[in-house]
Amino acid sequence: MQIEENIHRLRQSVPAHVSIVAVSKTVSETHILDAYRFGLKAFGENRVQELIKKQANLPGEIEWHMIGHLQSNKVKYIAPFITMIHAVDNLKLLSVINQEALKNNRIIPCLLQIRIAKEETKFGMNLEDANNVLSSAAFQAMKNINVAGLMGMATFTQDTSLIRSEFRYLAECFKQIKADYFGNDESFCELSMGMSSDYTIAIEEGATLIRIGSFIFGART
Ligand SMILES: *Cc1c(COP(=O)(O)O)cnc(C)c1O
């Protein structure tokens, strides 16, 4: 079975301290179940509609990660069960997640998405935006959010030195933010960076979470 082989190959190249989020967007529930049976526990989706359907149909032990851009009005659908929200890039969204988490009596782990790629992207914030969010009174009053780290996506390119420099910059942002806002607070600990094409570089630069789709499930059609 190809998925099993792919997971085996992936595991051989990923050290134990790095967690794998299997990116299952567009992947059938059957194939997700295969990957789950071969030992993967965390799956990532980027569309709320697809995520809630799969969550309802698949084993309750699966940890679901929202890895894509999230609209505030859709937070309520995933708040009851989501394990982590990876791409939070504004205070408004954080405040809605906080409200919905409170309604569900949960604390939801979130990652701040930092824009690191050279290419134009709509999503993510820069370091200054992140500082503004974290130092705001509004953020500090939020009790049902755990900012657990940072997330970023490198430029889509063959230029591995560019990719490396972008990941290195994100790791720098992580260190600074940790020192400035989290001190010895161990809950700020995740650096979500690296996909199928660049995860080895991301791990070398300090990733703790990698988001892997096509390496596991094959090219998306
Ligand atoms: C699709 C996606 C991935 C996985 O991409 P692959 O190249 O298939 O590994 C990772 N992160 C995000 C945010 C994605 O949208």
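Above this note sits the structure.
Criteria and cut-off values
- Position numbers for residues start from 1 in each chain and track the written sequence from start to end.
- Only residues with pLDDT of at least 70 get local features here, since the model is predicted, and only at 80 or more are side-chain atom pairs given and counted; chain-wide, interface and lining totals rely on the full set of residues.
- Water and hydrogen atoms play no part in the side-chain values, which are based on all heavy atoms of the structure.
- Salt bridges, as used here, are contacts in which a Lys or Arg side-chain nitrogen is within 4 Å of a carboxyl oxygen on Asp or Glu.
- Strands are runs of DSSP state E lasting at least two residues, helices are runs of H or I lasting at least four, and both sets are numbered from the N terminus onward.
- Three exposure classes are used, based on accessible area relative to the maximum for each residue type with a 1.4 Å probe and protein chains only: buried under 20%, partly exposed in between, and exposed over 50%.
- Remark: nonpolar core denotes a set of buried residues (Ala, Val, Leu, Ile, Met, Phe, Trp, Tyr, Cys) joined through side-chain atoms within 4.5 Å.
- Contact definition: two residues touch when any of their heavy atoms are within 4.5 Å.
- Pairing of aromatic side chains here covers Phe, Tyr and the six-membered ring of Trp, requires ring centres within 6.5 Å, and sorts the geometry by plane angle: under 30 degrees stacked, over 60 edge-to-face, intermediate tilted.
- A positively charged side chain is recorded as over a ring if its NZ (Lys) or CZ (Arg) lies within 6 Å of the ring centre. The angle to the ring normal must also be within 35 degrees.
- Whether a residue is near a molecule or strand depends on its heavy atoms: if one lies within 4 Å, it is near.
- Polar contacts, as used here, are pairs of N or O atoms within 3.5 Å; protein pairs need one atom able to donate a hydrogen and one able to accept it. Residues neighboring in sequence count only if both atoms are side-chain atoms.
- Accessibility throughout is a Shrake-Rupley quantity obtained with a 1.4 Å probe, and a residue counts as covered only by protein chains that appear here.
- In this count, Pro and Cys sit with the nonpolar residues alongside Ala, Val, Leu, Ile, Met, Phe, Trp and Tyr, while Asp, Glu, Lys and Arg are called charged and the others, Gly among them, polar.
- Two strands qualify as a pair provided DSSP detects at least 2 bridges between them.
- When the strands point away from the viewer, a crossover counts as right-handed if the path from the first strand over the helix to the second runs clockwise.

1. A word on the pattern of salt bridges
Evaluation of the coordinates by the stated rule reveals seven salt bridges. Of the charged contacts, one joins Glu50 and Lys54 as a salt bridge, the two residues approaching to 2.7 Å between their closest N and O atoms. Note that Glu50 and Lys54 are positioned in helix H3 (residues 48–57) at a spacing of four residues, about one turn of the helix. The buried category is assigned to Lys54, whose relative accessible area is 5%. Notably, a salt bridge pairs Glu100 with Lys103, separated by 3.0 Å at the nearest N-O pair. Placement of both Glu100 and Lys103 in helix H5 (residues 91–103) is noted, with a separation of three residues, approximately one turn of the helix. Given a relative accessible area of 11%, Glu100 falls into the buried group. A cluster of three or more residues bridged by salt bridges with shared partners is formed by Arg164, Arg168, Glu204 and Glu205.

2. Comments concerning the nonpolar core
Within the largest apolar cluster, 69 residues are counted, with the highest numbers of intra-cluster contacts made by Phe43, Ile85, Leu150 and Ile216. In terms of residue count, the dominant contributor to this core is helix H8 (residues 160–182) (eight residues). Not counting the four nearest positions on each side in its chain, Ile85 is found in contact with Met66, Leu70, Ile78, Ile97, Ile108, Pro109, Cys110 and Leu111.

3. Things to note about the packing of aromatic side chains
Enumeration according to the criterion identifies four aromatic pairs in this entry. Here the aromatic rings of Phe43 and Trp64 are separated by 6.1 Å at their centres, their planes lie at 45°, and the arrangement is tilted. Of this pair, Phe43 sits in strand E2 (residues 42–45) while Trp64 is found in strand E3 (residues 63–66), placing the two residues 21 residues apart along the sequence. Accessibility classification places Phe43 together with Trp64 in one group, the buried group. Considering the side-chain rings of Phe174 and Phe188, the 4.8 Å spacing of their centres and the 20° angle between planes classify their relative orientation as stacked. You can see Phe174 sitting in helix H8 and its partner Phe188 sitting in the loop between H8 and strand E7 (190–192), a full 14 residues away along the chain. The exposure class of Phe188 is buried, given its relative accessible area of 1%. Feature note: the residues Phe174, Phe182 and Phe188 constitute an aromatic cluster, connected by ring pairs. Looking at Lys41, its charged tip hangs above the ring of Tyr36, at a distance of 4.6 Å from the centre.

4. Focus: the site of the ligand
Looking at the ligand, the residues that line it are Val23, Lys25, Ile67, Met151, Met153, Met195, Ser196, Arg211, Ile212, Gly213, Ser214 and Arg220. One of the side-chain N or O atoms of Lys25 is found 2.6 Å from an oxygen atom in the ligand. Coverage of the ligand by the protein amounts to 90% of the 390 Å² it exposes when considered alone. Here the shell around the ligand is built from residues that sort into six nonpolar, three polar and three charged.

5. As for the pairing of strand E5 (residues 108–113)
By the criterion of burial, E5 is predominantly enclosed, with six of the six residues buried. With burial as the criterion, each face of E5 is covered, one bearing Ile108, Cys110 and Leu112 and the other bearing Pro109, Leu111 and Gln113. Across two bridges, the pairing between strand E4 (residues 84–88) and E5 is parallel. Its bridge partner being in E5, Val88 is matched across the sheet by Leu112. One crossover worth recording links E4 to the parallel E5 by way of H5, and it is right-handed. Looking at chain direction, E5 and strand E6 (residues 145–151) are connected through six bridges and run parallel. Within the sheet, the bridge partner assigned to Gln113 lies in E6 and is Met151.

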